[in-house]
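An overview of the molecular structure
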Amino acid sequence: EVLRVKRDAMLAALGENFGSAARWSRPPGGLYVWLQMPEGVDIASVRDRALDEADVGYHAGPMFAPDAVSGKNCARLCFGYNSPEEIHEGIARLADLFEAAGLLRS
């Protein structure tokens, strides 16, 4: 129940902040949501900046790619640790950072 509430908070926050500019998984369980930006968008390149400037972390897609290169437009987002309120704030910060970097266009 606790993880379902957190998952739902992340899904709601993604919808509010990313809208149709991205796609994401709707996991029936687990701890992660897979975020996918349009092809050609390199969110892997701003991961360190997200940590430094927005205090938000994510695992970039290339970490999960067989070639360790593809998937730069993807990220694995964890909802297991933070509270629903922190999740909403973190996703908003992430969207703001992506927008400032020219990676998010609604």
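Going by the structure above, here's the rest.
Every chain is numbered on its own, with residues counted from 1 as its sequence reads. Reporting of local features is limited, given that this is a predicted model, to residues whose pLDDT is at least 70; pairs of side-chain atoms are given and counted only at 80 or more, and all residues count toward the totals for whole chains, interfaces and linings. With hydrogens and water excluded, all non-hydrogen atoms of the structure serve as input to the side-chain values.

Turning our attention to the layout of surface pockets. Remark: the empty space left among the atoms is shown by a probe the size of a water molecule rolled over them. Cavity: a set of points on a 1 Å grid over the protein atoms alone where a 1.4 Å probe fits but cannot get out. Pocket: an open set with protein on both sides within 12 Å along at least five of seven lines, its lining residues, like those of a cavity, having an atom within 4 Å of a point. Grid points are joined across faces, edges and corners, and a volume is the space filled by probe spheres set on the points. Volume-wise, the largest pocket comes out at about 350 Å³. If you trace the largest pocket, you find 17 residues lining it, with Val 56, Gly 57, Cys 78, Asn 82 and Gly 90 closest to the centre. The helix count covers DSSP runs of H or I at least four residues long, the strand count covers runs of E at least two residues long, and both are numbered beginning at the N terminus. It is helix α3 (residues 84-100) that provides the largest number of residues to the lining of the largest pocket, a total of 7 residues. Its residues placed into classes, the lining of the largest pocket shows 8 nonpolar, 4 polar and 5 charged. For this classification, Asp, Glu, Lys and Arg are treated as charged, while Ala, Val, Leu, Ile, Met, Phe, Trp, Tyr, Cys and Pro are nonpolar and the rest, including Gly, are polar.

The next thing to look at is the packing of helix α2 (residues 47-54) against α3. Lines fitted to C-alpha atoms define the axes here, with helix axes fitted over just the stretch in contact, and angles between the N-to-C directions of these axes take values from 0 to 180 degrees. The geometry of α2 relative to α3 is characterised by a closest axis approach of 10 Å and an angle of 120° between their N-to-C directions. Comparing their axes, α3 and α2 come out oblique. Crossing hand, α2 versus α3: right-handed. On α3, the residues touching Arg 49, Ala 50, Glu 53 and Ala 54 of α2 are Arg 93, Leu 94, Leu 97 and Ala 100. Here the contact of α2 with α3 is composed, by residue class, of 5 nonpolar, no polar and 3 charged. The labels follow the angle: roughly parallel below 35 degrees, roughly antiparallel above 145, roughly perpendicular from 65 to 115, and oblique for the rest. Handedness of each helix crossing follows the sense of rotation of the near helix against the far helix: counterclockwise by less than a right angle gives left-handed, clockwise gives right-handed. Pairs of residues are marked as contacts when any of their non-hydrogen atoms sit within 4.5 Å.

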